[in-house]
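Each chain, written out:
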Amino acid sequence: MHRLRQLALQILDELLPSVCTLCGTKSSDALCANCYNKYIDLSTSRCTCCAIQLPEFSHSSQCGKCLSHPPAFDLSFAATDYAPPIDHLIQSLKFHAKLPLAKAFARLLSELPASPNSSDLIIAVPLSLARLAERGFNQSLEIARALAHFWKLPLATNVCLRVKHTQTQASLPMNQRRVNMRNAFAVQNSQLIIGKRILLVDDVMTTGHTLNELAHCLKRHGATHVTNVVVARTPNR
Ligand SMILES: [Zn+2]
Ligand SMILES: [Zn+2]
């Protein structure tokens, strides 16, 4: 079944016209070189812990919030801010199943200085079974799968589950998002993560509560280090 699914994705990949998703010019990648240079800046100065953009001339490598309340994860890397037109691309992947975008995003992420050499495995933020049934695929897993290929790291798909069908974080006011995520995840195979350094892949990091809850859960089950790798970071929280 797994092989069949991979094959179907590959075929879809080849059938789709090879044009840039943003500007429509001919391109072998989902993002042409022009759009890439225009919208992606991997050299943006970000908080090493939560990947939020740091103010210009910041003397610290971390934002004030991470310094005063360190989250459960150790590091975060984001390719870009969650802003137009990249936000539309992420929505196309998620809500219109434009799966080749997952590979394009993974290629972006593979250029981040996230030191895959010092990581043991990649995990994608899981969806609840209800949301997975509704969407048909997990966009974060599709990105993680391609990234694992680029970085030649094992992808673990059976470590954790999302046991709580939470409301989408975006539909909630900021102060309720943390409560909404509480106990949202469960680890089912802790022997896979004991003593391991984990790269956690997600499409968007908004408040960081989802990733924080998952990192907390992974560490409680023995993971030693958690690094988030996300396509886009919401600029203000
Ligand atoms: Zn383009
Ligand atoms: Zn921070």
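Going by the structure above, here's the rest.
As a starting point, this report considers the structure included with it. Everything numeric here is computed off the predicted structure, so don't read it as measured data. (Residues numbered from 1 in each chain as written. Chains lettered and ligands numbered in written order. Predicted model: local features only at pLDDT ≥ 70, side-chain atom pairs only at ≥ 80, totals over all residues. Heavy atoms only, no water.)

### Overview of the side chain of threonine 80
Short version of the rule: The numbering of helices and of strands both runs from the N terminus, where a helix is a DSSP run of H or I of at least 4 residues and a strand a run of E of at least 2. Each residue gets one of three labels from its accessible area relative to the maximum for its type: buried under 20%, exposed over 50%, partly exposed in between, using a 1.4 Å probe on protein chains only. Any pair of residues with heavy atoms lying within 4.5 Å of one another is described as a contacting pair.
For threonine 80, the location among the structural elements is in strand S1 (residues 75-81). Classification of threonine 80 as buried rests on a relative accessible area of 7%. Sequence-distant contacts of threonine 80, that is, excluding residues within four places in its chain, are made with Tyr39, Ile40, Arg46, Ile86, Val231, Ala232 and Arg233.

### Some words on the coordination of the zinc ion (ligand 2)
Applied cut-off: Donor atoms (N, O, S) are those found within 2.8 Å of the metal centre, with the cutoff raised to 3.2 Å for Na, K and Ca; water is not part of the atom list, so apparent gaps in a site can occur. A four-donor site is classed as tetrahedral when every donor-metal-donor angle falls between 85 and 135 degrees; four donors are called square planar, and six octahedral, when trans pairs exceed 155 degrees and all remaining angles lie between 65 and 115, with any other arrangement labelled irregular.
Protein ligation of the zinc ion (ligand 2) involves Cys47 (SG), Cys50 (SG), Cys63 (SG) and Cys66 (SG), the donor distances falling in the range 2.3 Å. Geometry at the zinc ion (ligand 2) is tetrahedral, judged from its 4 donor atoms and the angles of 105 to 116 degrees they form at the metal. Here the donor residues of the zinc ion (ligand 2) share one chain and are spaced in sequence as C-x2-C-x12-C-x2-C. With cysteine 50 in the loop between helix H2 (33-39) and helix H3 (64-68) and cysteine 63 in the loop between H2 and H3, this residue pair connects regions lying 13 residues apart in the sequence. Note on accessibility: cysteine 50 and cysteine 63 belong to one class, buried.

### Digging into the pairing of strand S5 (residues 197-205)
Selection criterion: The criterion for strand pairing is that DSSP finds at least two bridges linking the strands in question. A clockwise course of the path from the first strand over the helix to the second, judged with the strands pointing away from the viewer, identifies a crossover as right-handed.
Counting buried positions along S5 yields 8 of 9 residues, so the element is predominantly enclosed. Of the strand pairs in this sheet, S5 and strand S6 (residues 225-233) are connected by 8 bridges, and their pairing is parallel. Residue pairing in the sheet places leucine 199 in a bridge with threonine 227 of S6. Handedness of the crossover is the feature at issue here: the chain leaves S5, passes through helix H9 (residues 209-220), returns alongside S6, and the resulting connection is right-handed.

### Structural notes on the coordination of the zinc ion (ligand 1)
Only Cys20 (SG), Cys23 (SG), Cys32 (SG) and Cys35 (SG) from the protein coordinate the zinc ion (ligand 1), and they sit 2.2 to 2.3 Å from it. Viewed at the metal, the 4 donor atoms of the zinc ion (ligand 1) are separated by angles of 107 to 113 degrees, and the geometry they form is tetrahedral. Along the chain, the residues donating to the zinc ion (ligand 1) are arranged with the sequence spacing C-x2-C-x8-C-x2-C. Placement of the pair is cysteine 20 in the loop between helix H1 (2-15) and H2 and cysteine 35 in helix H2, with a sequence separation of 15 residues. Given a relative accessible area of 2%, cysteine 20 falls into the buried group.

### A closer look at the pattern of salt bridges
Convention followed: The term salt bridge refers to a side-chain nitrogen of Lys or Arg lying within 4 Å of a carboxyl oxygen of Asp or Glu.
This model, assessed by the stated rule, comprises 4 salt bridges. Among the ionic pairs, arginine 46 bridges to aspartate 81, the shortest N-O distance being 3.1 Å. On the criterion of sequence distance, the pair formed by arginine 46 in the loop between H2 and H3 and aspartate 81 in strand S1 is long-range, its members being 35 residues apart. Exposure class is identical for arginine 46 and aspartate 81. Each is buried. For glutamate 142, the salt bridge is made with arginine 145, and the minimal N-O distance between the two is 3.7 Å. A residue pair is termed a helical-turn pair when its members lie 3 or 4 positions apart in one helix, as glutamate 142 and arginine 145 do in helix H7 (residues 139-151) at 3 residues. The exposure classification of glutamate 142 matches that of arginine 145, with both residues buried.

### Things to note about the packing of helix H4 (residues 86-95) against helix H5 (residues 100-110)
The cut-off we apply is this: An axis is simply a line fitted to the C-alpha atoms; with a helix, the fit covers only the stretch in contact. Between two such axes, the angle follows the N-to-C directions and lies from 0 to 180 degrees. Any angle between 65 and 115 degrees counts as roughly perpendicular, while under 35 counts as roughly parallel, over 145 as roughly antiparallel, and the rest as oblique. It is the rotation of the near helix from the far one that decides the hand of a crossing: anticlockwise by less than a right angle makes it left-handed, clockwise makes it right-handed. Throughout, the ten residues Ala, Val, Leu, Ile, Met, Phe, Trp, Tyr, Cys and Pro are labelled nonpolar, Asp, Glu, Lys and Arg are labelled charged, and all others, Gly among them, are labelled polar.
Remark: H4 packs on H5, axes separated minimally by 9 Å, with the N-to-C direction vectors making an angle of 135 degrees. By the angle between their axes, H4 is oblique relative to H5. Where H4 crosses over H5, the handedness of that crossing is left-handed. Listed contacts from H5 to Leu89, Ile90, Ser92 and Leu93 of H4 are Leu101, Ala102 and Phe105. Here the contact of H4 with H5 is composed, by residue class, of 6 nonpolar, 1 polar and no charged.

### Regarding unusual backbone geometry
Following proline 84, the chain continues into proline 85 via a peptide bond in cis, with omega recorded as 0 degrees. In this fold, proline 85 is placed in the loop between S1 and H4. Phi is positive for alanine 51, close to 70 degrees, though the residue is something other than glycine. Turning to its location among the elements, alanine 51 is positioned in the loop between H2 and H3. Judged by its relative accessible area of 0%, alanine 51 falls in the buried class. One non-glycine residue, phenylalanine 57, lies in positive phi territory at about 65 degrees. Along the chain, phenylalanine 57 falls in the loop between H2 and H3.

Geometric values such as these leave the question of function open.
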